[in-house]
Amino acid sequence: MIDRRTFGKAVGLGTGAAAASLAGLQSTATATTASYARGNAPTVPAVEPGAHTAFGTLKHVRAGVLDIAYAEAGPAHGPVVLCLHGWPYDIHSYVDVAPLLAELGYRVIVPYLRGHGGTRFLSRRTPRTAEQSAVARDIIALMDALKIDKAVLAGFDWGSRTADIIAALWPERVKALVSTGGYLITDLKAQQEPAPAAVERNWWYQWYFATERGKKAMENVDERIALCRYVWTLVSPNWAFDDATFQRTAEAFKNPDYAAVVLFNYRWRIGLVEGDRRYSRYEAQLAARPPIHVPTITLDPALDPFTQPGDGSAYRDHFTGPYEHRTLADIGHNLPQEAPTAFAQAVVDADHL
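All values derive from a computational prediction rather than experimental measurement. Residue numbers here run from 1 along each chain, matching the order of that chain's written sequence. Side-chain atom pairs in this predicted model are given and counted only at pLDDT of 80 or more, local residue features only at pLDDT of at least 70, and totals for whole chains, interfaces and linings cover all residues. As a rule here, side-chain values cover all heavy atoms of the structure and leave hydrogens and water aside.

Draft legend 1. Here's a closer look at helix 4 (residues 158–169). Under the scheme used here, helices are H or I runs from DSSP no shorter than 4 residues and strands are E runs no shorter than 2 residues, and both carry numbers assigned from the N terminus. In this scheme, a helix's expected span is set at 1.5 Å multiplied by one less than its residue total. Across its 12 residues, helix 4 extends 16 Å between first and last C-alpha, which sits within 8% of the 16 Å expected from 1.5 Å per residue. Burial classification: accessible surface area is computed with a 1.4 Å probe over protein chains only, and a residue below 20% of its type maximum counts as buried, one above 50% as exposed, and the rest as partly exposed. Taken as a whole, helix 4 has its buried residues at Trp158, Gly159, Ser160, Arg161, Thr162, Ala163, Asp164, Ile165, Ile166, Ala167, Ala168 and Leu169. Throughout, a contact is declared for two residues whenever any of their heavy atoms are within 4.5 Å. Where the residues of helix 4 are buried, they touch strand 4 (80–84), helix 3 (132–145), strand 7 (151–155), strand 8 (174–180), helix 11 (258–269) and helix 12 (280–286).

Draft legend 2. Structural detail: the nonpolar core. Put simply, a nonpolar core is a bunch of buried Ala, Val, Leu, Ile, Met, Phe, Trp, Tyr and Cys residues held in one set by side-chain atoms that sit within 4.5 Å of each other. Residues Trp87, Leu101, Phe209 and Phe343 are the most contacted members of the largest nonpolar core, which totals 112 residues. If we skip the residues at most four places from it in the chain, Phe209 touches Trp87, Gly214, Met218, Leu227, Val262, Leu263, Tyr266 and Arg267.

Draft legend 3. Structural context of the packing of aromatic side chains. Each pair of aromatic rings taken from Phe, Tyr and Trp, with Trp reduced to its six-membered ring, is defined by centres within 6.5 Å and is described as stacked if the planes are under 30 degrees apart, edge-to-face if over 60, and tilted in the remaining cases. Taken as a whole and assessed by the stated rule, the structure comprises 26 aromatic pairs. Joined through ring pairs, the aromatic side chains of Trp87, Trp158, Trp203, Trp204, Tyr205, Tyr208, Phe209, Tyr230, Tyr266 and Phe306 make up one cluster.

Draft legend 4. A look at the confidence of the model for the chain. Mean pLDDT for the chain: 91, with 89% of residues reaching 70 or above. Note: pLDDT gives the predictor's confidence per residue, expressed from 0 to 100. When pLDDT is averaged over each element of the chain, strand 4 comes out on top at 99 and helix 1 (residues 17–20) at the bottom at 33.

Draft legend 5. Structural context of helix 3. Look at helix 3: 20 Å from first C-alpha to last across 14 residues, which is about the 20 Å you get at 1.5 Å a residue. Most of helix 3 is tucked away: 11 of the 14 residues are buried. Within the span of helix 3, buried status applies to Gln132, Ser133, Ala134, Val135, Ala136, Asp138, Ile139, Ile140, Ala141, Leu142 and Met143. Looking one or two places after helix 3, you find Lys147, whose phi comes out positive at around 60°.

Draft legend 6. Just the layout of surface pockets, in detail. Of the volumes computed, that of the largest pocket is approximately 220 Å³. Definitions used for this entry: grid spacing 1 Å over protein atoms alone; cavity, a set of points where a 1.4 Å probe fits but cannot get out; pocket, an open set with protein on both sides within 12 Å along at least 5 of 7 lines; lining residue, one with an atom within 4 Å of a point. Considering the residues around the largest pocket, the lining is formed by 14 residues, among which Pro49, Gly50, Trp239, Phe241 and Thr245 are closest to the centre. For the lining of the largest pocket, the residue count by class is 5 nonpolar, 6 polar and 3 charged. Grid points are joined across faces, edges and corners, and a volume is the space filled by probe spheres set on the points. The classification used treats Ala, Val, Leu, Ile, Met, Phe, Trp, Tyr, Cys and Pro as nonpolar, Asp, Glu, Lys and Arg as charged, and all other residues, Gly among them, as polar.

What follows is the structure, given as structure tokens:
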């Protein structure tokens, strides 16, 4: 999930109806604050969420410290879009988005992040860390391995943060950015300060993961899967997903490194564990809160308990290039799976900013 200091709601907003009052339109439309004229972006055909249930045969590539499993759709020589998932989700968040973009000629790549699905560490000796820059470096390594010089990056949750980091530190690799939740680069210093009680309440699982009880729960496959399903219901209150939809994603939680990676990520954010020194220089750069200059569309799902009030105003200054902000009503945290047409349209429009 996202960063509690960067993206906690104001006091009084929880996971339910209060968020629904935020300005926005249905998932196939958007409320937009535009500063730049867009080129002739094609219109994405509407698709019913859940219309697709699976990708084709997954591919694998050795990239950095990982063997990365990924789905691919669209023409091999099309402009590349990298779609990055969050926690507790997997590549199926993009199972409807990918074919929409592929039909428009994009080469769509959807990787399992470290600790998820078929992605594996190449060495038993590699620390199972998951600081924010480590995940970003994984994606840079993936691009290098696939000989992708530049791509549109699109994500939510961990995926948004990862895309934001790459856009900030390696902008030459990013053609455009779609970031659900806005500027999600973790501010470790700010994380040391308390947030309002209602905000802290939304982060119950982070505090749970900081305890031995939470660690034991995550290390038990059945308990971790039950916990993840509960999180889905809290952060996407209007999403009527069925058992089969959840189970397809839950398979990704059976990765042998899943517990270690997830626990490290959340414990690292609040200063309970030290990061791997190989990523220290990147974290030092991120501590300066670097701006993002690439063309960007930020998305806020109105029913997501982590969506800040203010229609993106809290993070607007971090984006200095061509920019739009859109708020989607009646949509929760897993935006690309709940509103695939709107998400795919944001990708296409960002590519034409």
